[in-house]
Amino acid sequence: MELQADVVVLGAGAAGLAAARVLSNAGVTTIVLEARDRIGGRLLTREDVGLPVPIDLGGEFIHGTAAVTFDLLRAANTVAIDTGGTGFTYEDGALHDREDPFAIVAGVMARARSLDHDMSVDDFLSTFPGDEPESARARRFMRMLVEGFDAADPRRASVRVLAEEWTPGDEGQTSEQFRPLGGYAHLLRTLHGALDPARAHVRLSTAAHIVRHGDGAVAVDATICNTSLTVRARSAIVTLPLGVLQAGAVRFTPELPPSKAAALGMLVMGPVVKVGLRFRTAFWEHVHDGRYREGSFFHRAEAAFPTFWNMLPLHAPLLIAWAGGPKADALAGRDEASLVACALDDLRALFGNDPDPRAELEAAYTHDWQTDPYAYGAYSYVATGGGDARAALAAPVGDVLFFAGEATSPASEAGTVAGALQTGERAALEALAALHR
């Protein structure tokens, strides 16, 4: 089977749908190929009839106030909810009110931005005086955020790039954190619904294998239900996750230029394991005389799942267990029952046995992003020495191949849904410009 379009888009995640919307609005015929049987990519929303809120097992938060995200919220007739609440950290056998880790790390990052050469986070932290309490605290919080927030390995991650990424940008990036009311699935449906059905078509369960490019045209060989499909177009927008590109799951012929290979070698896909736990009641709100009723994040550095959070300001009997970076690597290969048991053991360490979290549990949902064959990780970070890797990955190849996705985002929105949306729109505009040359 053979199809033709002006542009073929690989991937129906946030970046791919954003690109298709721009192309559709411009009157350009577009075919979107998606290997999964759903839209969304690394945005994965589960509905549970026992909960008043959805469970986002992929991207969940809105980081900052980027216009592209808030424009989409308005189009979807929904709002962003400030996560709010109090954070707690487990130390010396008990949970304590948590200091703002971002405020502490801000001072560390100010030092990193003044470095005259790049180094790993671990190497940078080794320069801090070892016997000073303030240095020990800075090292602890820095590693906590690098592993948990960036899903990165401190032994590999570039401290200079992280310092740049954690610096507020020009388009609304702040330390504020929100959730889209109704979860990301609602926003994706809005993006999908904005496509002109006369011009744009999304083909699910269609896995691309080969992208042939050159001479002002591309041809993408794919498979749908064991049937071969070739899509011929004037250009292609590649929004595949970094991990898929690195795995060689899609072959480019001719091969991508050396600059692309170098960029892929300097970017790393951070692993994440996420578990959603629905309980009979929000029991943590009542233990210790209700001390944690307005607690939103709970952290225990030594745990298998070092971070738990709930849905505050909405009260619901749901907790999310999160492991990123090396912590996620340590959980690799475990089945769902093992992951859930591990998360429940960590909850017992935080809140005790009265009531027993295992007896309160009613349902569980898990996703290990590093074993997902259409992602091979959750989101990207830059390895030591790879300062220009995101820009190199984003650069077009001739006038036919354009690249989008969070891994191609500028530093201010790297690894975020906003970054994916922005790069999808950027790649679509690049493709439109090439079409009209």
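J.: Break down helix α15 (residues 417-435) for me, with residues and values.
T.: Over its 19 residues, α15 runs 27 Å from end to end, which matches the ideal 27 Å to within 8%, given 1.5 Å per residue. Burial runs high along α15: 14 of the 19 residues are buried.

J.: Break down the pattern of salt bridges for me, citing the residues and quoting the values.
T.: Taken as a whole, this structure holds 24 salt bridges when the rule is applied. Aspartate 122 serves as the salt-bridge partner of arginine 143, at 3.0 Å between the closest nitrogen and oxygen. Taken as a pair, arginine 143 in helix α5 (residues 133-148) and aspartate 122 in helix α4 (residues 121-125) lie far apart in primary sequence, 21 residues in all. Judged by relative accessible area, arginine 143 falls into the partly exposed class, the value being 30%. According to the relative accessible area criterion, aspartate 122 is partly exposed, its value standing at 21%. The shortest N-O distance in the salt bridge between arginine 358 and aspartate 356 comes to 3.0 Å. Each of the salt bridges in this network shares a partner with another, and the network as a whole consists of Asp48, Arg278 and Glu362.

J.: Mind laying out the sheet that holds strand β10 (residues 177-180), listing which residues take part and the relevant values?
T.: Spatial ordering of the open sheet is given by β6-β10-β7, a layout of three strands whose pairing is antiparallel. Across the chains shown, the open sheet's two edge strands, defined by having one partner strand only, are β6 (62-63) and β7 (80-82). In terms of strand pairing, β6 meets β10 through two bridges, oriented antiparallel. When the sheet's bridge partners are listed, histidine 63 is paired in β10 with glutamine 177.

J.: Residue-level account of the nonpolar core, with values.
T.: With 41 residues, the main nonpolar core has Val7, Leu23, Ile237 and Leu421 as its most contacted residues. Sort the elements by how many residues they give to this core and α15 lands first, with 10 residues. Beyond its immediate sequence surroundings of up to four residues, leucine 421 is in contact with Ala14, Ala18, Val68, Thr69, Leu72 and Leu191. Counting residues in each nonpolar core, the second largest holds 36 residues, with Ala263, Leu267, Val382 and Ala389 among its members.

J.: Hey, could you go over the packing of aromatic side chains for me, with residue numbers and the actual values?
T.: Under the defined criterion, the tally for this structure stands at 15 aromatic pairs. Their ring planes at 45° and their centres at 5.6 Å tell us that phenylalanine 297 and tryptophan 309 sit as a pair that is tilted. Here tryptophan 309 lies in strand β20 (residues 307-309) and phenylalanine 297 lies in strand β19 (residues 295-299), a separation of 12 residues in the sequence. The exposure class assigned to tryptophan 309 is buried, which follows from its relative accessible area of 5%. Ring-pair connections join several aromatic residues into one group, and the members of that group are Phe88, Phe279, Phe283, Trp284, Tyr292, Phe298 and Phe351. The ring of phenylalanine 128 has arginine 111 sitting right over it, with the charged end atom 4.1 Å from the ring centre. Lysine 260 extends its terminal NZ or CZ atom over the ring of phenylalanine 403, reaching a point 4.6 Å from the ring centre.

J.: Which residues make up the confidence of the model for the protein chain, and what are the values?
T.: Residues with a pLDDT of 70 or more make up 97% of the protein chain, whose mean pLDDT is 93. Of the regions scoring below 50 in pLDDT, residues 170-174 engages in 16 contacts with residues more than four places distant in sequence or in other chains.

J.: Give me the lowdown on a nonpolar patch on the surface, citing residues and values where you can.
T.: Among the surface-exposed residues, Val79, Leu181 and Leu314 lie close enough to one another that they form a single nonpolar patch of about 230 Å² accessible area. Mapped onto the elements of the fold, leucine 181 is located in the loop between β10 and α7 (184-193). Here leucine 181 falls in the partly exposed class, since its relative accessible area comes to 39%.

J.: Just give me the short version of unusual backbone geometry, but keep the residues and values in it.
T.: Cis geometry is found at the peptide bond from threonine 253 to proline 254, where omega equals -5°. Assignment of secondary structure puts proline 254 in the loop between β16 (251-253) and α9 (258-266). Here the bond from leucine 312 into proline 313 is cis, since omega is 15°, no more than 30 degrees from zero. Position of proline 313 relative to the elements: it lies in the loop between β20 and β21 (318-324). In the Ramachandran plot, cysteine 225 falls in the positive-phi region, its phi being about 50° despite a non-glycine side chain. If you trace the backbone, cysteine 225 turns up in the loop between β13 (217-224) and β14 (227-233).

J.: I'd like a description of the pairing of β10, backed by residues and values.
T.: Side-chain alternation along β10 places Gln177 and Arg179 on one buried face and Phe178 and Pro180 on a second face that is also buried. Here β7 runs beside β10; their pairing, made up of three bridges, is antiparallel. Across the sheet, residue alanine 80 finds its bridge partner in β10, namely proline 180.

J.: Got a sec to walk through the side chain of glutamate 60? Specific residues and values, please.
T.: With respect to the helices and strands, the residue glutamate 60 is situated in the loop between β5 (55-56) and β6. Looking at glutamate 60, its side chain comes within polar contact range of the side chain of tryptophan 309, at 3.1 Å. When sequence neighbours within four positions are dropped, the list of residues in contact with glutamate 60 reads Phe178, Arg179, Pro180, Tyr184, Lys274, Trp309, Met311 and Ile320.

J.: Residues and numbers for the pairing of strand β8 (residues 86-91), please.
T.: Across four bridges, β8 lies against β19 in parallel orientation. Pairing of phenylalanine 88 across the sheet is with phenylalanine 298, part of β19. Pairing geometry for β8 and strand β9 (residues 94-97), over four bridges, is antiparallel. The residue of β9 that forms the bridge with glutamate 91 is alanine 94. Joining the antiparallel neighbours β8 and β9 is a turn of two residues, in which aspartate 92 adopts a positive phi near 55°.

J.: With reference to specific residues and values, describe α9.
T.: All buried positions along α9 are accounted for by Lys260, Ala263 and Leu264. Projected down its long axis, α9 carries its buried residues within an arc of 100°, all on one side. With respect to the buried face of α9, the exposed residues turned more than 90 degrees away are Pro258, Ala261 and Gly265. Looking at the buried side of α9, the elements it contacts are α8 (242-247), β17 (267-270), α14 (389-394) and β24 (401-403).

Thresholds, definitions, all that
- Residues numbered from 1 in each chain as written.
- Predicted model: local features only at pLDDT ≥ 70, side-chain atom pairs only at ≥ 80, totals over all residues.
- Heavy atoms only, no water.
- Helix = DSSP H or I, 4+ residues; strand = E, 2+ residues; numbered from the N terminus.
- Expected span 1.5 Å × (residues − 1).
- Buried < 20%, exposed > 50% of the residue type's maximum accessible area, 1.4 Å probe, protein only.
- Salt bridge = Lys/Arg side-chain N within 4 Å of Asp/Glu carboxyl O.
- Pairing = 2+ DSSP bridges.
- Core = buried A, V, L, I, M, F, W, Y, C linked by side-chain atoms within 4.5 Å.
- Contact = heavy atoms within 4.5 Å.
- Phe/Tyr/Trp six-rings, centres within 6.5 Å; stacked < 30°, edge-to-face > 60°.
- Lys NZ or Arg CZ within 6 Å of the ring centre and 35° of its normal.
- pLDDT = per-residue confidence, 0-100.
- Patch = residues over 30% accessible without salt bridge, like charges linked within 9 Å, V, L, I, M, F, W, Y side chains within 5 Å.
- Areas by Shrake-Rupley, 256 points an atom, 1.4 Å probe, with all protein chains shown as cover.
- Polar contact = N/O pair within 3.5 Å; in protein donor to acceptor, adjacent residues only side chain to side chain.
- Arc of directions from axis to C-beta.

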